[in-house]
Amino acid sequence: MTPLPPLRIGEYTIPVPILQGGMGVRVSAHRLAAAVANEGGVGIIAAVALSLASRYYEKGRDYYRANVKALIEELETARALSPNGIIGVNCMVAIRDFEAMVRTSVENGAQMIVSGAGLPLRLPEFATSNPRTALVPIISSLRAAKLLAKRWHKLYKRLPDAMVFEDPNRAGGHLGVKTASQLFAKEYDTDTVVPELAEWSRTEYGDEIPIVTAGGVWDRHDIDHALSLGAKGVQMASRFICTFECDAHDRFKQAFIDAKEGDVVIVDSPAGLPGRALKTSFTNTLLRGGEVATNCIATCLEACRCREEKETFCIALALHRAQQGDLENGLVFTGSNATRHTGLVHVRDIFQELLYGIPVRPVPIPG
Ligand SMILES: Cc1cc2nc3c(=O)[nH]c(=O)nc-3n(C[C@H](O)[C@H](O)[C@H](O)COP(=O)(O)O)c2cc1C
């Protein structure tokens, strides 16, 4: 296999051009992030609602303070497990403590902030305490990329250190389109948008903004295809779920191993965005229009139909329950590749397969 080229983002040279996608509510926390960083990719801790499964959170109280403490702890633990790796934090614009999560990350040694679920127009303003932290917005169109780069340059004299393009028809979690009907539009497809972005970065910025593509990247063929479109790297999330190191409960991982064709559904998130999820009892009830928990536990989102209109469901609670293994009442976010998991593997095995073609040997979840 030909070697993969390293990826340069800001002042960091990433030996293997793979960012592990942030997976919120503690699906990607210190263990997964450190394991990926140790293999030469970028390990990403997702900042959203870290507190819920932490020792700092008392039900109904201190949600925001606990998030800060939990994030500091996750960063310290990841750093201890991967002293030489590159560790970043995923901070979503749509959450109320976005600014606090960015500031805390930057002050506590995050080498990269990856930020989406809205356009991170003010991100540089919150990251001034360490100019070495690379800032990487997630976008889903050339229009958004142009607007953001222009705005950052005008207001902050700074350009994004890279951009992640997330294909809404393949990625997991919240998807960067307003309605489910836009998911299949060609204008948001990887094969359309990545070459446009690469050309724009080359002609306008002399390739200073490397494009990283996300959504549906699973094997070496997908990575080679992404690079052939002009991307300089890929972001992969779902592939890392069924690993020993993924921070979610084993029942969460088992749901992926059990998933069959047709088990991936689109739900309306209270954040006002479509989300891709595994079919569970929870999504069955939701899609039937039945009753699911609407008690807001965290006031986590800037705009939330659950908190404001008592509609849909409490997303923090649903995602937290799934991460803890309660699949009956929990929401399991997934990318479009959910059914490709057949067992548990180590993060190292995935990298060995991607770099050298050594086949992974998935095993059943112990116990
Ligand atoms: C379980 C899960 C949780 C996710 N949570 C977040 C998140 O908190 N913030 C975010 O920006 N993206 C989130 N995503 C999107 C991923 O970071 C990633 O960009 C996308 O899923 C890539 O597609 P793939 O899963 O096919 O590799 C999540 C995805 C999954 C599967």
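Scroll up to find the structure.
So, here is what we can say about the structure in this document. (Residues numbered from 1 in each chain as written. Predicted model: local features only at pLDDT ≥ 70, side-chain atom pairs only at ≥ 80, totals over all residues. Heavy atoms only, no water.)

1. What about the packing of aromatic side chains?
1) Next: Throughout the structure, instances matching the rule amount to seven aromatic pairs.
2) Next: Judged by centre distance (5.6 Å) and plane angle (45°), the ring pair of Phe252 and Phe256 falls under tilted. Of this pair, Phe252 and Phe256 both sit in helix 8 (residues 250-258), four residues apart, roughly one helical turn.
3) Next: The exposure class assigned to Phe256 is buried, which follows from its relative accessible area of 0%.
4) Next: Judged by centre distance (5.3 Å) and plane angle (85°), the ring pair of Phe282 and Phe313 falls under edge-to-face. Remark: Phe313 occurs in the loop between helix 10 (305-309) and helix 11 (315-323) and Phe282 occurs in helix 9 (residues 281-288); sequence separation between them is 31 residues. Here Phe282 matches Phe313 in class, with each residue buried.
5) Next: Counting every residue linked through ring pairs, the aromatic cluster contains Tyr57, Tyr63 and Tyr64. (Phe/Tyr/Trp six-rings, centres within 6.5 Å; stacked < 30°, edge-to-face > 60°. Helix = DSSP H or I, 4+ residues; strand = E, 2+ residues; numbered from the N terminus. Buried < 20%, exposed > 50% of the residue type's maximum accessible area, 1.4 Å probe, protein only.)

2. Details of empty space enclosed by the protein
1) Next: In total, this model carries one cavity of 30 Å³ or more according to the counting rule given.
2) Next: In this structure, the largest cavity spans a volume of roughly 50 Å³.
3) Next: A class-by-class count of the residues in the lining of the largest cavity yields 10 nonpolar, one polar and one charged. (1 Å grid on protein atoms, 1.4 Å probe; cavity = no way out; pocket = protein on both sides within 12 Å on 5 of 7 lines; lining within 4 Å. Points joined across faces, edges and corners; volume = space filled by probe spheres on them. Nonpolar A, V, L, I, M, F, W, Y, C, P; charged D, E, K, R; others polar.)

3. Details of the nonpolar core
One recurring pattern in soluble globular proteins: nonpolar side chains tend to sit buried together.
1) Next: Core analysis: the biggest nonpolar cluster contains 108 residues, and Ile18, Met163, Leu197, Trp200, Phe240 and Leu331 have the highest contact counts within it.
2) Next: Not counting the four nearest positions on each side in its chain, Trp200 is found in contact with Leu142, Ala145, Lys146, Ala149, Met163, Tyr205 and Ile209.
3) Next: Among the nonpolar cores identified, the runner-up in size contains 17 residues, and Tyr12, Ile86, Ile138 and Ala162 belong to it. (Core = buried A, V, L, I, M, F, W, Y, C linked by side-chain atoms within 4.5 Å. Contact = heavy atoms within 4.5 Å.)

4. Notes on the site of the ligand
1) Next: Near the ligand, the surroundings consist of 23 residues, among which Gly22, Glu166, Gly216, Gln235 and Ser238 are the closest.
2) Next: Between Gly172 and the ligand, the recorded distance is 2.9 Å, taken from a backbone N or O atom to an oxygen atom.
3) Next: Gly216 has a polar backbone atom sitting 2.8 Å from an oxygen atom of the ligand.
4) Next: Protein contact buries 95% of the 600 Å² of open area that the ligand shows by itself. (Near = heavy atom within 4 Å. Polar contact = N/O pair within 3.5 Å; in protein donor to acceptor, adjacent residues only side chain to side chain. Areas by Shrake-Rupley, 256 points an atom, 1.4 Å probe, with all protein chains shown as cover.)

5. Thoughts on the layout of surface pockets
1) Next: As a volume, the second largest pocket reaches approximately 150 Å³.
2) Next: Considering only residue class, the lining of the second largest pocket consists of seven nonpolar, no polar and four charged.

6. Structural notes on the environment of Gly330
1) Next: Residue placement: Gly330 occurs in the loop between helix 11 and helix 12 (347-356).
2) Next: Distance from Gly330 to His320, taken between C-alpha atoms, is 7.1 Å for residues 10 residues apart in sequence.

7. Quick look at the pairing of strand 7 (residues 134-139)
1) Next: The element strand 7 is largely enclosed, with a buried count of six among its six residues.
2) Next: Of the two faces of strand 7, both are covered, the one formed by Ala134, Val136 and Ile138 as well as the one formed by Leu135, Pro137 and Ile139.
3) Next: When strand 6 (residues 112-115) meets strand 7, the two strands line up parallel, connected through four bridges. Counted as the bridge partner of Ser115 is Pro137 from strand 7.
4) Next: Taken together, the two bridges between strand 7 and strand 8 (residues 163-166) define a ladder with parallel strand orientation. The residue bridging Ile138 from the neighbouring strand is Val164, located in strand 8.
5) Next: After leaving strand 7, the chain enters helix 5 (residues 142-156) and then returns to the sheet as strand 8, a path that is right-handed. (Pairing = 2+ DSSP bridges. Right-handed = clockwise from strand over helix to strand, strands pointing away.)

8. Things to note about the pattern of salt bridges
1) Next: As enumerated under the stated definition, the model contains 20 salt bridges in all.
2) Next: Between Asp191 and Arg170 there is a salt bridge, with the nearest N and O atoms lying 3.8 Å from each other. Of the two residues, Asp191 is situated in helix 6 (residues 190-205) and Arg170 in the loop between strand 8 and strand 9 (173-174); the sequence distance between them amounts to 21 residues. (Salt bridge = Lys/Arg side-chain N within 4 Å of Asp/Glu carboxyl O.)

9. Side note on the sheet that holds strand 13 (residues 274-278)
1) Next: The three strands are arranged 9-13-12 in an open sheet whose pairing can be described as antiparallel. What marks the edges here is a single partner per strand, and that holds for strand 9 and strand 12 (264-268).
2) Next: Here strand 9 pairs with strand 13 via two bridges, running antiparallel. Each bridged residue has a counterpart across the sheet, and for His174 the counterpart in strand 13 is Gly275.

10. Some thoughts on the packing of helix 5 against helix 6
To describe two helices that pack against each other, one gives the angle between their axes and the distance between the axes.
1) Next: Closest axis-to-axis distance for the helix 5/helix 6 pair is 10 Å, and the angle between their directions is 30°. By the angle between their axes, helix 5 is roughly parallel relative to helix 6. The handedness of the crossing between helix 5 and helix 6 comes out as right-handed. Contacts between helix 5 and helix 6 involve Leu142, Ala145, Lys146 and Ala149 from the first element and Val193, Glu196, Leu197, Trp200 and Tyr205 from the second. (Axes fitted to C-alpha atoms, helices over the stretch in contact; angles between N-to-C directions. Parallel < 35°, antiparallel > 145°, perpendicular 65-115°, else oblique. Left-handed = near helix turned anticlockwise from the far one by under 90°.)

11. A short note on the side chain of Ser140
1) Next: Summarising the element assignment, Ser140 is placed in the loop between strand 7 and helix 5.
2) Next: Taking the relative accessible area as the measure of exposure, Ser140 reaches 15% and is therefore buried.
3) Next: Within the structure, Ser140 has its side chain in polar contact with the backbone oxygen of Gly176 (distance 3.1 Å).

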